[in-house]
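Structural overview
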Amino acid sequence: MEQQKLPNATAVLILGIVSIVGCCCYGLPGLIAGIIALVLAKKDGELYRKNPAAYSNYGQLNAGKIMAIIGIVLSILYVVYVVVMISTIGWDAMKDPQLMQERMRELMGQ
């Protein structure tokens, strides 16, 4: 019997990469791509578990799943960082570098 490829393995790999890169855009694109990748990986993982001998690219699926998890964690950390920064120095300071420096100096007591 000829082995076939898991249907979503390539998509999971690409979404895993996008989730790592997307974490730098305020975290949301990375979070969305990572969650989609994990959902697709779960579906393909179930297919693979039913008949492991029929599929050849489980390693690709697993790599994409690991990258999606890393991307989700980085995205969550970045979202938390942005929320903390906005709550401590304010949204207006996030847009103005000089105001941000002034508020950071105030926070440091200088």
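Refer to the structure printed above.
Cut-off values and rules
Residues numbered from 1 in each chain as written. Predicted model: local features only at pLDDT ≥ 70, side-chain atom pairs only at ≥ 80, totals over all residues. Heavy atoms only, no water. Salt bridge = Lys/Arg side-chain N within 4 Å of Asp/Glu carboxyl O. Helix = DSSP H or I, 4+ residues; strand = E, 2+ residues; numbered from the N terminus. Buried < 20%, exposed > 50% of the residue type's maximum accessible area, 1.4 Å probe, protein only. Core = buried A, V, L, I, M, F, W, Y, C linked by side-chain atoms within 4.5 Å. Contact = heavy atoms within 4.5 Å. Polar contact = N/O pair within 3.5 Å; in protein donor to acceptor, adjacent residues only side chain to side chain. Expected span 1.5 Å × (residues − 1). Arc of directions from axis to C-beta.

Side chains carrying opposite charge are able to pair once their charged atoms draw close together. Counted according to the given criterion, the structure contains one salt bridge. The closest approach of N and O atoms between Asp 92 and Arg 103, which form a salt bridge, is 2.9 Å. Here Arg 103 lies in helix H5 (residues 97-108) and Asp 92 lies in helix H4 (residues 91-95), a separation of eleven residues in the sequence. Residue Asp 92 is classed as partly exposed on the basis of its relative accessible area, which comes to 41%.

With twelve residues, the main nonpolar core is built from Leu 6, Ala 9, Val 12, Leu 15, Ala 33, Ala 37, Leu 40, Ala 41, Ala 54, Tyr 55, Leu 61 and Ala 68. Those elements giving two or more residues to this core turn out to be helix H1 (9-22), helix H2 (28-50) and helix H3 (58-89). When sequence neighbours within four positions are dropped, the list of residues in contact with Ala 68 reads Gly 16, Ser 19, Gly 34, Ala 37 and Leu 38.

Here the focus is the side chain of Asn 57. Of note, Asn 57 is situated in the loop between H2 and H3. Only 2.6 Å separates the side chain of Asn 57 from the backbone nitrogen of Leu 6, close enough to count as a polar contact. Ignoring sequence-local partners within four residues, the contact set of Asn 57 consists of Lys 5, Leu 6 and Ala 9.

This next bit is on H1. Given a rise of 1.5 Å per residue, 14 residues ought to cover 20 Å, and the 19 Å separating the end C-alpha atoms of H1 matches this to within 8%. Of all the residues in H1, the buried ones are Ala 9, Val 12, Leu 15, Gly 16, Ser 19 and Gly 22. Buried residues of H1 fall within an arc of 150° about the axis and therefore sit on the same side. On the buried face of H1, the contacting elements are H2 and H3.

Remember, this is a structural readout, not a statement about activity or role.
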